[in-house]
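Residue-level listing of the chains:
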Amino acid sequence: MNNIKKYFEFSGTINGTNYVLRNLLATLVSFIGGFSIGFGIGGEMQALTLVGIALIVPALWFNACSIYKRSLALFPEYAVWITISMFLLQILDTFNTAFGIIALITGLVLVFKNSDIEEHNG
């Protein structure tokens, strides 16, 4: 259980490769959850809507943990702010694409910048 638990905790650090893989997993699960919600609402299937919500909530938490862990590896003093900013930028992107460009640049920095940590434990 501790092996699974570490993926949902806001502690430890991860490297850029793990950050990409975790984002791919969170995106896939969120897509399935969002599709389930939409299909459930459209088809008036309450159970399917609840399954979609049950998929999206842990996926968002997992994604927040991943952003935090990568930010902690690169910019320890700003990890919380980077995590919050990434979520806010994604929301604001729906109103103005400039926010999406800022989120993209920040995401690329999180992926490609090397950290000074030899062994990540997140």
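You'll find the structure just up there.
Because the structure is predicted, anything quoted here is derived from the model rather than measured. (Residues numbered from 1 in each chain as written. Predicted model: local features only at pLDDT ≥ 70, side-chain atom pairs only at ≥ 80, totals over all residues. Heavy atoms only, no water.)

1. Comments concerning the overall build of the protein
A count of helical and extended segments in the protein gives five helices and zero strands. From first element to last, N terminus to C terminus, the protein shows the α and β order α-α-α-α-α. In terms of its C-alpha atoms, the protein occupies a principal-axis envelope of roughly 50 × 40 × 20 Å. Within the protein, the fraction of its 122 residues that count as buried is 30%. (Helix = DSSP H or I, 4+ residues; strand = E, 2+ residues; numbered from the N terminus. Buried < 20%, exposed > 50% of the residue type's maximum accessible area, 1.4 Å probe, protein only.)

2. A word on a nonpolar patch on the surface
Together, Tyr 78, Val 80, Trp 81, Ile 84, Leu 88, Ile 91, Leu 92 and Phe 95 make up an exposed nonpolar region whose accessible area comes to about 870 Å². Relative to the assigned elements, Phe 95 resides in the loop between helix H4 (79-92) and helix H5 (97-112). Its relative accessible area of 69% is what places Phe 95 among the exposed residues. (Patch = residues over 30% accessible without salt bridge, like charges linked within 9 Å, V, L, I, M, F, W, Y side chains within 5 Å. Areas by Shrake-Rupley, 256 points an atom, 1.4 Å probe, with all protein chains shown as cover. Salt bridge = Lys/Arg side-chain N within 4 Å of Asp/Glu carboxyl O.)

3. Considerations on the packing of aromatic side chains
This model, assessed by the stated rule, comprises five aromatic pairs. For the ring pair Tyr 7 and Phe 62, a centre distance of 6.4 Å and an interplane angle of 55° mean the geometry is tilted. Remark: Phe 62 occurs in helix H3 (residues 46-74) and Tyr 7 occurs in the loop between helix H1 (2-5) and helix H2 (16-42); sequence separation between them is 55 residues. Judged by its relative accessible area of 8%, Phe 62 falls in the buried class. Considering the side-chain rings of Phe 10 and Tyr 68, the 5.6 Å spacing of their centres and the 70° angle between planes classify their relative orientation as edge-to-face. A residue pair is termed long-range when its members are at least 10 positions apart, and Phe 10 in the loop between H1 and H2 and Tyr 68 in helix H3 qualify at 58 residues. (Phe/Tyr/Trp six-rings, centres within 6.5 Å; stacked < 30°, edge-to-face > 60°.)

4. Observations regarding H5
With 16 residues, H5 ought to run about 22 Å at 1.5 Å a step, and its terminal C-alpha atoms sit 23 Å apart, in line with that. Three or more residues of H5 are buried, namely Gly 100, Ala 103, Gly 107 and Leu 110. Considered in projection along H5, the buried side chains sweep an arc of 80° and stay on one side of the axis. Facing away from the buried surface of H5 by more than 90 degrees, the exposed residues are Ile 105 and Phe 112. Along its buried surface, H5 packs onto H2, H3 and H4. Sitting at the head of H5, Asn 96 places a side-chain oxygen 3.1 Å from the backbone nitrogen of Ala 98. (Expected span 1.5 Å × (residues − 1). Arc of directions from axis to C-beta. Contact = heavy atoms within 4.5 Å. Polar contact = N/O pair within 3.5 Å; in protein donor to acceptor, adjacent residues only side chain to side chain.)

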